[in-house]
Amino acid sequence: MLIINDIHIGVNRSGGTTVQSQVELQDAILQQLEVCIEEESHHVVVNGDLFDSFSVDLRHVISTYDILSDWVNEHKSRLTLIAGNHDWSPKDGRVSSFHLLGFMLTKGNIRGHVEMLDYRSGFYRICDGVYCIPHMPNQNMFDDMILEAVKSSHDGQYLLLHCNYRNNFTANSDHSLNLSENQVDQLMEAGWTLIIGHEHKGYTLRGGRVIVVGNQFPTSISDCIDDTEKCMLNLIS
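Residues numbered from 1 in each chain as written. Predicted model: local features only at pLDDT ≥ 70, side-chain atom pairs only at ≥ 80, totals over all residues. Heavy atoms only, no water.

### Things to note about the packing of helix H2 (residues 58-75) against helix H3 (residues 97-105)
- The contact between H2 and H3 brings their axes to 10 Å, and the two run at 40°. Relative to H3, H2 is oriented oblique. The element H2 and its partner H3 pack so that their crossing is right-handed. Contact residues: Leu-58, Val-61, Thr-64, Tyr-65, Leu-68 and Ser-69 in H2; Ser-97, Leu-100, Leu-101, Met-104 and Leu-105 in H3.
- For the contact of H2 with H3, a count of residues per class yields eight nonpolar, three polar and no charged. (Axes fitted to C-alpha atoms, helices over the stretch in contact; angles between N-to-C directions. Helix = DSSP H or I, 4+ residues; strand = E, 2+ residues; numbered from the N terminus. Parallel < 35°, antiparallel > 145°, perpendicular 65-115°, else oblique. Left-handed = near helix turned anticlockwise from the far one by under 90°. Contact = heavy atoms within 4.5 Å. Nonpolar A, V, L, I, M, F, W, Y, C, P; charged D, E, K, R; others polar.)

### Points about the packing of aromatic side chains
- Within the structure shown, the criterion is met by four aromatic pairs.
- Consider the rings of Trp-88 and Tyr-119, whose centres lie 4.6 Å apart with planes at 20°: the pair is stacked. Within this pair, whereas Trp-88 is found in the loop between strand E3 (78-82) and H3, its partner Tyr-119 is found in the loop between strand E4 (114-117) and strand E5 (124-127), the two being separated by 31 residues in sequence.
- Taken together through their ring pairs, the aromatic side chains of Phe-123, Tyr-131 and Trp-192 make up a single cluster. (Phe/Tyr/Trp six-rings, centres within 6.5 Å; stacked < 30°, edge-to-face > 60°.)

### Focus: the sheet that holds E3
- With respect to topology, five strands assemble into an open sheet ordered E4-E3-E2-E1-E13, the strand pairing being mixed. In the strand order of this sheet, the two ends are held by E4 and strand E13 (233-234), each with one partner.
- With two bridges connecting them, strand E1 (residues 2-4) and E13 associate as antiparallel partners. When the sheet's bridge partners are listed, Leu-2 is paired in E13 with Asn-234. (Pairing = 2+ DSSP bridges.)

### Examining the nonpolar core
- Ranked by size, the top nonpolar core spans 29 residues in total, and within it Ile-37, Leu-50, Leu-79 and Leu-81 carry the most contacts.
- Of all the secondary-structure elements, those providing two or more residues to this core are E1, helix H1 (19-38), strand E2 (43-47), H2, E3 and H3.
- Ignoring sequence-local partners within four residues, the contact set of Ile-37 consists of Leu-2, Ile-4, Val-44, Ile-67, Leu-68 and Trp-71. (Core = buried A, V, L, I, M, F, W, Y, C linked by side-chain atoms within 4.5 Å. Buried < 20%, exposed > 50% of the residue type's maximum accessible area, 1.4 Å probe, protein only.)

All we've got here are geometric facts, nothing functional implied.
Spelled out as structure tokens, the structure:
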């Protein structure tokens, strides 16, 4: 299982850019996504923020569809898309680019190979040993799902999350959810190893049982500062 996150397709950086450099960055992200998944033949999981915003240009949605559907068609393998905080907003009643892509991918001849998970999925079993909690509409709902994971009688080893880890600045922010130290204590006591998307700089704590993957390639200048290594996570559960 290949786990990637924070691809931010359709990113629109304005500082120090030109129209041409913006387009080149957007195209480079799509090309790097294609490279990221081309060697994986079993299962690709996008752990949040496939897109940079709730609504991106349709050309990015179509290009993403082409890349992901081609991969599924070639390998006849499984694709799991988990909503992140940039993919969806409870304050916008329109159809997000993430949900439009999910609709497109779950129709036709590949529909049995693709699943799109959002807040309605809740605490969700992806496969043997691997569960996830997509981005929730608010911190209280996220906390409830964490508690469900703590109390669950599960076969799980790994829990995928898309949130900040012990960031007090976002503790009361519904857009960017926060996982507290106390919640990590409870989850680890329940037997989970945590795999976290959302933060762009990767690191590992708690003896390897808290893995913040970081994003796979830079989408801004800040992604390059003090972060010379970009990694994916190949999980064998």
